[in-house]
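Residues per chain are reported as follows:
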Protein chains: 2
Amino acid sequence: MALPKSESQYAGHEVTSAASWMERREVVFPTVSRVAVCGGTHGNELSGVYLVRERLKKKKLTEEDDLVSVVTVMSNPRAVQQCRRYTETDLNRCFTRATLSCTVTDKTPYEIVRSQELNALLGPKGSPDAADLVCDLHNTTANMGLCFIAYSDCDWICLHIFRYLQRQMSNIPVRFIHFDLPLNEAYSLDSVGRHGFAMEIGPQAHGLVRSNILSAMQDGVQHMLDWVRLFNSGTQFEGGTVEIYTMVKNVHYPRDPETCGLSAAVHPHLQDRDFCLLRPGDPLFKTFSGETVNYKGTEPLYPFFINECAYYEKGVALSLARRRSIAIPSIRSERDRKPRRCMTAEETEEEDETEESEEANGLWNGE
Amino acid sequence: MALPKSESQYAGHEVTSAASWMERREVVFPTVSRVAVCGGTHGNELSGVYLVRERLKKKKLTEEDDLVSVVTVMSNPRAVQQCRRYTETDLNRCFTRATLSCTVTDKTPYEIVRSQELNALLGPKGSPDAADLVCDLHNTTANMGLCFIAYSDCDWICLHIFRYLQRQMSNIPVRFIHFDLPLNEAYSLDSVGRHGFAMEIGPQAHGLVRSNILSAMQDGVQHMLDWVRLFNSGTQFEGGTVEIYTMVKNVHYPRDPETCGLSAAVHPHLQDRDFCLLRPGDPLFKTFSGETVNYKGTEPLYPFFINECAYYEKGVALSLARRRSIAIPSIRSERDRKPRRCMTAEETEEEDETEESEEANGLWNGE
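Sequence positions are assigned chain by chain, starting from 1 and proceeding in written order. Whichever chain is written first becomes A and whichever ligand is written first becomes 1, with later ones labelled in order. Where totals are concerned, whole chains, interfaces and linings use all residues; where local detail is concerned, this predicted model gives features only for residues with pLDDT of at least 70, and gives and counts side-chain atom pairs only at 80 or more. Computation of side-chain values: all heavy atoms of the structure, hydrogens and water removed.

## Description of the interface of chain B and chain A
Then, in step 1: Contacts are assigned to residue pairs with any non-hydrogen atoms lying within 4.5 Å of each other. Tallying the contact residues gives 29 residues for chain B and 29 residues for chain A.
Then, in step 2: When two components associate, each loses some accessible surface as probed by a 1.4 Å sphere; the sum of these losses over both components is called the buried area. Together chain B and chain A conceal approximately 2600 Å² of surface at their shared face, both sides included; 55% is due to carbon and sulfur atoms.
Then, in step 3: Salt bridges are defined by distance alone: a side-chain nitrogen of Lys or Arg within 4 Å of a carboxyl oxygen of Asp or Glu. Across the chain B-chain A interface, the total number found is 4 salt bridges.
Then, in step 4: Between Arg210(A) and Asp272(B) there is a salt bridge whose closest N-O contact spans 2.5 Å.
Then, in step 5: Counting of polar contacts relies on pairs of N or O atoms within 3.5 Å, with two restrictions inside protein: one atom must be capable of donating a hydrogen and the other of accepting it, and residues adjacent in sequence are counted only when both atoms are side-chain atoms. At the boundary of chain B with chain A, the tally comes to 12 residue pairs in polar contact (both at pLDDT 80 or more).
Then, in step 6: Only DSSP runs of H or I covering at least 4 residues are called helices, and only runs of E covering at least 2 are called strands; the numbering of each starts at the N terminus. Of all elements in the fold, only helix H1 (46–59), helix H6 (211–232) and strand E10 (264–266) of chain B reach the threshold of two or more residues within the side of chain B that touches chain A.
Then, in step 7: Here the side of chain B that touches chain A gets 5 residues from one element, more than from any other, and that element is H1(B).
Then, in step 8: Of the residues belonging to the side of chain B that touches chain A, the class tally is 13 nonpolar, 9 polar and 7 charged. Residues are grouped as follows: Ala, Val, Leu, Ile, Met, Phe, Trp, Tyr, Cys and Pro are nonpolar; Asp, Glu, Lys and Arg are charged; all remaining types, including Gly, are polar.

## Some remarks on H6(B)
Residue and element names in this part refer to chain B.
Then, in step 1: For H6, built from 22 residues, the straight-helix expectation of 32 Å at 1.5 Å per residue is met to within 8% by its first-to-last C-alpha distance of 31 Å.
Then, in step 2: Only protein chains enter the accessibility calculation, which uses a 1.4 Å probe; a residue is then buried when its area is under 20% of its type maximum, exposed when over 50%, and partly exposed in between. Extensive coverage of H6 is indicated by the burial of 16 of its 22 residues.
Then, in step 3: With its phi angle positive at about 110°, Gly234 sits one or two positions after the end of H6. Between the first and last residue of a helix there are one fewer steps than residues, each counted as 1.5 Å, and that sum is the expected span.

## Some points on the sheet that holds strand E10 (residues 264–266) of chain A
Residue and element names in this part refer to chain A.
Then, in step 1: Two strands are counted as paired when DSSP detects at least two bridges linking them. Overall, antiparallel pairing links the 3 strands, which are arranged E10-E11-E12 in an open sheet. Looking at the sheet topology across the chains shown, the edges are occupied by E10 and strand E12 (292–294). Ignoring strand direction, the axes of neighbouring strands in this sheet form an average angle of 35°.
Then, in step 2: Note: E10 against strand E11 (residues 283–287), 3 bridges, orientation antiparallel. Across the sheet, residue Ala265 finds its bridge partner in E11, namely Lys286. Throughout, an axis means a line fitted to C-alpha atoms (over the contacting stretch in the case of helices), and angles, computed between N-to-C directions, take values from 0 to 180 degrees.

## Some points on the environment of Ser75(B)
Then, in step 1: By the element assignment, Ser75(B) lies in the loop between strand E4 (69–74) and helix H2 (77–82).
Then, in step 2: Excluding residues within four positions of it along the chain, Ser75(B) makes contact with Cys38(B), Gly39(B), Gly40(B), Thr41(B), Leu91(B), Arg114(B), Leu118(B), Asp136(B) and Leu189(B).

## Focus: the pattern of salt bridges
Then, in step 1: In total, this model carries 24 salt bridges over all chains according to the counting rule given.
Then, in step 2: For Arg332(A), the salt bridge goes to Glu26(A), with nearest N and O atoms at 3.0 Å. With Arg332(A) in strand E15 (residues 330–333) and Glu26(A) in strand E2 (residues 26–29), the pair connects residues that are 306 residues apart, well separated along the chain.
Then, in step 3: With relative accessibility at 27%, the residue Arg332(A) sits in the partly exposed group.
Then, in step 4: The residue Glu243(B) makes a salt bridge to Arg323(B) at a minimum N-O spacing of 3.7 Å. Placement of the pair is Glu243(B) in strand E9 (residues 240–252) and Arg323(B) in strand E14 (residues 316–328), with a sequence separation of 80 residues.
Then, in step 5: The exposure class assigned to Glu243(B) is partly exposed, which follows from its relative accessible area of 38%.
Then, in step 6: Arg323(B) gets classed as partly exposed once you look at its relative accessible area, which sits at 39%.

## Points about the confidence of the model for chain A
All names here are of chain A.
Then, in step 1: Every residue gets a pLDDT, meaning the predictor's confidence in that residue, from 0 to 100. With 84% of its residues at a pLDDT of 70 or more, chain A shows a mean pLDDT of 89.
Then, in step 2: Considering only residues more than four positions removed or in separate chains, one finds that residues 1–9, a stretch of pLDDT under 50, has 13 contacts.
Then, in step 3: Here residues 339–355 is modelled with pLDDT under 50, and outside its nearest four sequence neighbours on either side it reaches 32 contacts, counting other chains as well.

## Observations concerning the relation of the copies chain B and chain A
Then, in step 1: Copy-to-copy superposition: least squares on the C-alpha atoms, limited to residues that have pLDDT of at least 70 in both copies. Between chain B and chain A, the superposition needs a rotation of 180° and an axial shift of 0.0 Å, giving an RMSD of 0.0 Å. Considering both components of the superposition, the chain copies are consistent with a two-fold axis. Residue Ala205(B), judged by its C-alpha, is the member of chain B lying nearest the rotation axis, at 2.5 Å.
Then, in step 2: A shared binding surface is used by both copies, with 100% of the interface residues of chain B retained as interface residues in chain A.

## Concerning unusual backbone geometry
Then, in step 1: Each neighbour pair has its own omega, and for Gly123(B) with Pro124(B) the value is -5°, a cis peptide bond.
Then, in step 2: Counting through the fold element by element, Pro124(B) comes out in the loop between helix H4 (110–122) and strand E5 (133–139).
Then, in step 3: Here the residue pair Gly202(B) and Pro203(B) is connected by a cis peptide bond, since its omega of 10° sits within 30 degrees of zero.
Then, in step 4: Within the secondary structure, Pro203(B) is located in the loop between strand E8 (195–202) and H6.
Then, in step 5: Even without a glycine there, the phi angle at Asn307(A) is positive, about 60°.
Then, in step 6: Within the fold, Asn307(A) resides in the loop between strand E13 (302–304) and strand E14 (316–328).
Then, in step 7: Its identity as a non-glycine residue notwithstanding, Asp272(B) has a phi of 75°, on the positive side.
Then, in step 8: Looking at the element boundaries, Asp272(B) is found in the loop between E10 and strand E11 (283–287).
Then, in step 9: The exposure class of Asp272(B) is partly exposed, given its relative accessible area of 29%.

## Some thoughts on the sheet that holds E11(B)
Working definition: the strands of a sheet are paired by backbone hydrogen bonds and lie parallel or antiparallel to each other.
All names here are of chain B.
Then, in step 1: Spatial ordering of the open sheet is given by E10-E11-E12, a layout of 3 strands whose pairing is antiparallel. Single-partner strands in this sheet number two, and they are E10 and strand E12 (292–294). Strand-to-strand twist of the sheet, defined as the mean angle between neighbouring strand axes without regard to direction, takes the value 35°.

## Observations concerning the pairing of strand E3 (residues 34–39) of chain A
Residues and elements named next belong to chain A.
Then, in step 1: Counting buried positions over the 6 residues of E3 gives 6, a clear majority of the element.
Then, in step 2: Of the two faces of E3, both are covered, the one formed by Arg34, Ala36 and Cys38 as well as the one formed by Val35, Val37 and Gly39.
Then, in step 3: Two strands pair when backbone bridges link them, and E3 and strand E4 (residues 69–74) are joined in this way by 6 bridges, in the parallel orientation. The residue of E4 that forms the bridge with Cys38 is Val73.
Then, in step 4: Here E3 runs beside strand E5 (residues 133–139); their pairing, made up of 4 bridges, is parallel.

Dropping the structure here:
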């Protein structure tokens, strides 16, 4: 089977290339030595904010170990302080190559400056010095359970971590959403790492914490780090098949032709039914005056981000995905290759030592 | 039975004062001729915002009738535009006598200026010129269903409307919350009317609309206006008993003694269980490190506004109430008294004719 076109970027090398079935292949990767856990990329998504704060509080007291080093980062401390998604522009759209390489002036929005700081800390994006794995924590108001969101459908590290969480977490559905974009155009913080994904959990209103959603995020992060530790210590993870959802398109709210304001809300039959197949003719919207608007597409697709609060500013009511089965190979780490040296906070610290910068720059700590 | 101490302020006069049972009394009130329906007092509580916009769009095309005149007002258009609770200070805390009578300067927060404009339009508070009934529309992230929130437990008009909605609306629980404050200290917009209440509906995250919550609000407003029309046309509403929840106290989040940040979220067993009796020893919080904090009070009380997003800034996790049964008399309107003349938009309009001011100043329209 031909190597998927973008697999090579993830630095694994094929061991049993003659095998006709992907699932019987074994791919060997370098260890995943440096992991970044980021929260507060959107300042009002509070599970990640509190998870990061708790980690920073505890990890100051612990020592590094040889299996993995974890940096914990508050990505957008100004937005966190204001409990807003962002202060000037959406930080999580600032990690394209173009934005990361633009010249900073006095008028550059805070979030663009911050994206370049984070790229210096966790990247540089696309370089061998980048963190091995960036996990960026998010919340959604949509009823999506726990979702991995990533740009590749052949990053075996991410897909194996995903399958591991799916098996370990019985009290929340775990799914994988794939945005098919090249690395240059990938715009979110997790794209800075050699491997990376957003861990998106909902439903939770922005600006508050629901204990069960925070617990799910804590469990998700813990299972991810457990997987990394197992992987780095030489455990082989068997190949198999996973289901993923590949983004197809956004669906916008209907608008009043006169005022341009929204004229409908997500239909009650669709609300909260993320990942339940939407068929042509199914109810999509209910207008404010009571009429039903049906889905006019010809292909049944899977809705997600249904009625996500943050997307009102773009007028996006939901997204639609195609479900696909992906064969993944067995993977293991190069046990004879030592983990890369761990970066320390002191090496990455450039700002003055305010509380904000301490949270914001995190600490590479052993788990 | 002695007349409750503050009943007289609501201008009804007792007809069968000799009756020993409140429920057998009949109280006659002037008609409820001028009703204000207000939304967007908090700019990110979107059911009220869209309900008001829809009403303004439709009512421009209709004529007044003799039974009731309704003014529809977008209370805080600037906050609505920014989709924020408020721009400088919480508008819905600005309707005390002190704030309404303070001198406005260039530095006065927008919301204080706006509260005085609204008081001029719908009040003056406490005067015979005030609107007969002010219904102010709100959303909460708490699982509270539809709640009336009012300052009196003996405003028979409000309590009868409440009971009417409770009977008419089968698909959402309808409750009455009583904040025991004198009129001078009553701080919310609805206190400007001769009768008034907030109609609070949830759960709905701020910054988005859930179709079922918007529908419940539309139904609630329609039933309220139906009641007013029945009342004004001479229908007698029988006395009886209603249950109300009288606010006792707020419960604050636990805080980290070092950082002063929150250290716990509402316990998963309590989350979404608004109006379910909380007993001494029941779980109240779960700390971010996993411990349970129990309710240490000695009296079983009813929680509400559990995990309301807007109260994080005050550190309030929930409120607790005592449930009480209230006897209400029969009421009817003075049929021989004509409805007061309807104020027109032109009489109340003082600002330039931008779209904002049109929404913000509303129209007294017949239903």
